[in-house]
Amino acid sequence: MKHKKLIRRIIFALLLLAAIFFFIRLYNQPDQENIMDVNLKEHKNIALHIHPLLSIEILGQTFTVPANIGISAKGMRVIHTHDATGKLHIESPYHHQFYLDDFFAIWGKNLNSSCIFDYCGDKEHKLTFYVNGVQNEQKDGMPLKDGDEIKIVYEKINFS
């Protein structure tokens, strides 16, 4: 009988500890609504570190994604570039799903399902998004994943 009481107390204590741990983690999570405002001072304590590659083509011309997007005296934003290769550096203090439009928001440039910068799809032009060479219909809401090659193409529609 004493053995059963001891086992019940141990199970109760373990459940209580698990519940306490769960609530501490729940209430100590950073405000994920503000992740886009985070400025990292260094490459430490990073829970997420991925590198998709972005290329942009407008009317047959390659548009260079500039170096140092998202980098300022305040630090590095969670999505930034170091050079003009189109390599996006996504570094976050906790796991979070970032999207293509998040990068454009940090960059301060227009991107939506039909427009990039000031170029918008119309009767004569179309905007197409590709991931790893395959057309992607998620467009500006496309999740950013490690190693993905993202290409945005704005071009004239060929009516022939």
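Draft legend 1. Representation of the overall build of the protein chain. Counting its secondary structure elements, the protein chain contains 2 helices and 13 strands. Taking contacts inside the protein chain between residues at least 6 apart in sequence as the whole, the part at least 24 apart equals 63%. Summing over all exposed atoms, the protein chain offers an accessible surface of approximately 10,600 Å²; the carbon and sulfur share of this is 55%.

Draft legend 2. Fine view of the packing of aromatic side chains. Inspection of the entire model under this criterion finds 8 aromatic pairs. When the centroid spacing of 6.3 Å and the interplanar angle of 45° are considered together, the rings of Phe104 and Phe117 count as tilted. Remark: Phe117 occurs in the loop between strand S9 (115–116) and strand S10 (119–120) and Phe104 occurs in helix H2 (residues 100–107); sequence separation between them is 13 residues. The class of Phe104 is buried, set by a relative accessible area of 1%. On the accessibility criterion, Phe117 (11% relative accessible area) is buried. Every member of this aromatic cluster is reached through a ring pair, and the members are Phe63, Phe103, Phe104, Trp107 and Phe117.

Draft legend 3. Expanded view of the pairing of strand S11 (residues 125–131). In terms of burial, S11 is a largely internal element, 5 of the 7 residues being buried. Bridging between S11 and strand S13 (residues 149–156) involves 7 bridges; their strand directions are antiparallel. Across the sheet, Tyr130 pairs through a bridge with Lys151, a residue of S13. For S11 and strand S12 (residues 134–135), the ladder comprises 2 bridges, and the chain directions are antiparallel. Across the sheet, residue Tyr130 finds its bridge partner in S12, namely Gln135. Adjacent in sequence and paired antiparallel, S11 and S12 are bridged by 2 residues, among which Asn132 carries a positive phi angle near 55°.

Draft legend 4. Local environment of H2. Of all the 8 residues making up H2, 6 are buried; the element is thus mostly covered by neighbouring parts of the structure. Within H2 the residues assigned to the buried category are Leu100, Asp102, Phe103, Phe104, Ile106 and Trp107. Positive phi appears at Gly108, one or two residues downstream of H2, with a value of about 80°.

Cut-off values and rules
Residue positions within a chain follow its written sequence, with the count starting from 1. With the structure being a predicted model, the display of local features is reserved for residues of pLDDT at least 70 and the display and counting of side-chain atom pairs for 80 or more, all residues being used for whole-chain, interface and lining totals. Heavy atoms from the whole structure form the basis of all side-chain values; hydrogens and water molecules are not counted. For helices the rule is a DSSP run of H or I covering at least 4 residues; for strands it is a run of E covering at least 2, with both sets numbered from the N terminus onward. Any two residues having at least one pair of non-hydrogen atoms within 4.5 Å are treated as being in contact. Residue exposure ignores everything except the shown protein chains as possible cover, and the areas themselves are Shrake-Rupley values with a 1.4 Å probe. Note on aromatic contacts: the rings of Phe and Tyr and the six-membered ring of Trp form a pair at centre separations within 6.5 Å, being stacked when their planes are under 30 degrees apart, edge-to-face when over 60 apart, and tilted otherwise. Exposed residues in this analysis have more than 50% of their type's maximum accessible area, buried residues have under 20%, and partly exposed residues fall in between, with area computed by a 1.4 Å probe over protein chains only. Strand pairing requires that DSSP identify at least two bridges connecting the strands.

Interpretation in functional terms is not warranted from these geometric data alone.
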